[in-house]
Amino acid sequence: MPLRVGFVGSGMMAEALAGGFDASGVAAFSDMCCVDRNQPRLDLFASWGVTPCATATELAKKCDVIFIAVKPYGVAAVLEEMRPALSKDTLVVSIAAGVTIATMEAAAGEGVPIIRVMPNTPCLVKCVAAAMSAGRYCDQTHADTVSTLFDAVGKIHQVKESLLNAVTGVSGSGPAYVFQVIEAMADGGVLAGLPRGVAQDLAARTVMGAAKMVIETGKHPGALKDGVTSPGGTTIAAVAELERCGVRSAFMRAVKAAADRGEELSKQ
Ligand SMILES: NC(=O)C1=CN([C@@H]2O[C@H](COP(=O)(O)OP(=O)(O)OC[C@H]3O[C@@H](n4cnc5c(N)ncnc54)[C@H](O)[C@@H]3O)[C@@H](O)[C@H]2O)C=CC1
Ligand SMILES: O=C(O)[C@@H]1CCC=N1
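Residues numbered from 1 in each chain as written. Chains lettered and ligands numbered in written order. Predicted model: local features only at pLDDT ≥ 70, side-chain atom pairs only at ≥ 80, totals over all residues.

An unreviewed UniProt entry annotates the protein chain as Pyrroline-5-carboxylate reductase originating from Micromonas pusilla. UniProt lists a comment for the protein chain under the heading Pathway (unreviewed entry), and it reads "Amino-acid biosynthesis; L-proline biosynthesis; L-proline from L-glutamate 5-semialdehyde: step 1/1." Regarding the protein chain, the UniProt comment filed under Subcellular location (unreviewed entry) reads as follows: "Cytoplasm". (UniProt positions renumbered as here; feature names shortened; annotations may be inferred.)

Draft legend 1. Summary view of the overall build of the protein chain. Counting secondary structure elements, the protein chain contains twelve helices and eight strands. Along the first, second and third principal axes, the C-alpha set of the protein chain runs to 70 × 40 × 30 Å. Here the protein chain, with 268 residues, has 36% of them falling under the buried criterion. For the protein chain, long-range pairs separated by at least 24 residues make up 66% of all intrachain contacts whose partners lie at least 6 apart in sequence. (Helix = DSSP H or I, 4+ residues; strand = E, 2+ residues; numbered from the N terminus. Buried ≥ 20, exposed ≤ 12 C-beta atoms within 10 Å, placed from the backbone. Contact = placed C-beta atoms within 7 Å.)

Draft legend 2. Layout of the UniProt feature "domain: Pyrroline-5-carboxylate reductase dimerisation" (unreviewed entry) in the protein chain. Taking the UniProt record as the reference, the feature "domain: Pyrroline-5-carboxylate reductase dimerisation" (unreviewed entry) is found at residues 161–265. Taken end to end, residues 161–265 comprises 83% helix and 0% strand; its first and last C-alpha atoms sit 14 Å apart.

Draft legend 3. Structural view of the site of ligand 1. Neighbouring ligand 1 are 26 residues; Gly-9, Gly-11, Met-13, Ala-96 and Ala-97 lie closest to it. By residue number, the principal contributor to the shell around ligand 1 is helix H1 (residues 12–24), which donates three residues. Residues belonging to the shell around ligand 1 are distributed by class as follows: 14 nonpolar, eight polar and four charged. (Near = placed C-beta within 6 Å. Nonpolar A, V, L, I, M, F, W, Y, C, P; charged D, E, K, R; others polar.)

Draft legend 4. Quick look at the packing of helix H7 (residues 164–172) against helix H12 (residues 247–267). It is the contact of H7 with H12, at a shortest axis distance of 7 Å, that shows an interaxial angle of 140°. Between H7 and H12, the crossing angle belongs to the class labelled oblique. You can see that H7 and H12 cross each other, and the crossing is right-handed. In this structure, H7 contributes Asn-165, Ala-166, Thr-168, Gly-169 and Val-170 to the contact, and H12 contributes Val-255, Lys-256, Ala-258, Ala-259, Gly-262, Glu-263 and Ser-266. (Axes fitted to C-alpha atoms, helices over the stretch in contact; angles between N-to-C directions. Parallel < 35°, antiparallel > 145°, perpendicular 65-115°, else oblique. Left-handed = near helix turned anticlockwise from the far one by under 90°.)

Draft legend 5. Up close: unusual backbone geometry. Positive phi outside glycine occurs at Lys-126, with the angle close to 55°. Tracing the chain through its elements places Lys-126 in the loop between strand S6 (114–118) and strand S7 (128–134). Look at Lys-126 and you get partly exposed, because 15 C-beta atoms sit within 10 Å.

Draft legend 6. Highlighting the site of ligand 2. Taken together, Ala-97, Thr-168, Gly-172 and Ser-173 form the complete shell of residues around ligand 2. Partitioning the shell around ligand 2 into residue classes produces one nonpolar, three polar and no charged.

Draft legend 7. Region of interest: the confidence of the model for the protein chain. For the protein chain, mean pLDDT is 97; residues scoring 70 or higher make up 100% of the total. For this predicted complex, the interface score ipTM comes out at 0.99, while the overall pTM is 0.97. (pLDDT = per-residue confidence, 0-100.)

Draft legend 8. Geometry of the UniProt feature "binding site: NADP(+)" (unreviewed entry) in the protein chain. Residues given the UniProt feature "binding site: NADP(+)" (unreviewed entry) here are Ala-69, Val-70, Lys-71 and Pro-72. Along the chain, Ala-69 turns up in the loop between strand S4 (65–68) and helix H4 (75–82). Assignment of secondary structure puts Lys-71 in the loop between S4 and H4. For Lys-71, a count of 12 C-beta atoms within 10 Å gives the class exposed.

Draft legend 9. Up close: the domain arrangement of the protein chain. As assigned here, the protein chain comprises domain 1 (5–164) and domain 2 (174–267). In this structure, domain 1 and domain 2 have C-alpha centres spaced 31 Å apart. Its residues assigned to classes, the side of domain 1 that touches domain 2 shows four nonpolar, four polar and no charged. (Domains from an automatic or database assignment.)

Draft legend 10. Local environment of the pairing of S4. Here S4 shows no split at all, with Val-65 and Phe-67 on one side and Ile-66 and Ile-68 on the other all buried. Here strand S1 (residues 5–8) pairs with S4 via four bridges, running parallel. Bridge assignment links Val-5 to a residue of S4, and that residue is Val-65. Once the chain exits S4 it traverses H4 before rejoining the sheet at strand S5 (residues 91–94), and the crossover so formed is right-handed. (Pairing = 2+ DSSP bridges. Right-handed = clockwise from strand over helix to strand, strands pointing away.)

Draft legend 11. Broad picture of the sheet that holds S5. A sheet is described by the order of its strands in space; here eight strands give the open sequence S3-S2-S1-S4-S5-S6-S7-S8, paired in mixed fashion. The strands lining the two open edges of the sheet, one partner per strand, are strand S3 (51–52) and strand S8 (154–158). In this structure, strand S2 (residues 32–35) lies alongside S3, joined through two bridges in parallel fashion. Bridge pairing in S3 links Cys-34 to Pro-52.

Right, dumping it as structure tokens:
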């Protein structure tokens with residue numbers, strides 16, 4: 001029996017999840033349902049073969065796993081609306097930044113298994129970096145279901161719920177920082193005379209290749225950096241400039257700012 005996956009909220013992150021799951025074969029568009037307030041989003045999902053539902057309650061009745069993919073401030077209201085259709089047999093997976101499992105369990109009702117996941121948009125290209133934490137009504141089967149979905153499109157870590165805002169700071173929001181880096185490196189290439197398309201492709205492939213080296217060699221990023229840095233060469237000239245601009249401090253502060261914002265959302 002194929003896994004029936006539903007999306008309440010069919011925005012950017014739901015698109016990345018649905019697209020990645022279908023491309024990996026772990027769940028097919030034809031076994032997915034979606035709900036959204038915005039008709040063009042439903043039309044887009046329907047064009048891939050995802051079944052649109054009129055209400056979240058209707059979707060809950062049709063699906064084994066229900067992703068809550070609305071903005072954080074809308075999560076509790078959606079769960080309250082769906083409450084009559086939720087039970088111990090409906091696995092709810094929230095991807096909302098900051099919204100605690102306790103808040104969601106209170107809205108969904110007693111006994112409803114809820115898992116909080118922080119994914120990221122590279123799920124679309126089967127390269128997700130995610131983390132999860134399970135609620136009190138979950139058993140190993142629920143955790144395994146979510147792990148199976150996400151490990152098919154990248155990697156999911158299990159963490160304490162209190163660490164999920166830190167995860168948001170590193171990987172949930174992280175693609176935006178890296179897109180900025182790629183854009184800036186491409187701009188630098190254009191400044192040095194390269195055509196835009198060549199500069200952008202080189203920058204993006206450099207980020208991808210460096211990331212693969214960290215993951216596949218298991219070496220410390222500092223050691224890999226040393227391997228590029230010839231004495232008196234070009235790289236150390238660039239690295240010294242990045243240090244002068246405080247690049248490492250800027251990234252650490254950026255990650256902490258996103259994590260702090262997640263904490264603020266948890267208190268709202
Ligand atoms: N965009 C990202 O990179 C990531 C987003 N998230 C989380 O995913 C969630 C969704 O974010 P995005 O996809 O970026 O937002 P989005 O704005 O693209 O999508 C949200 C969708 O929900 C719909 N919606 C709002 N209220 C609704 C309701 N009551 N019933 C049905 N549909 C409703 C909206 O029309 C919209 O299409 C957020 O909670 C965010 O924290 C988590 C990780 C990464
Ligand atoms: O910006 C946000 O709030 C969401 C959560 C992580 C990525 N995007």
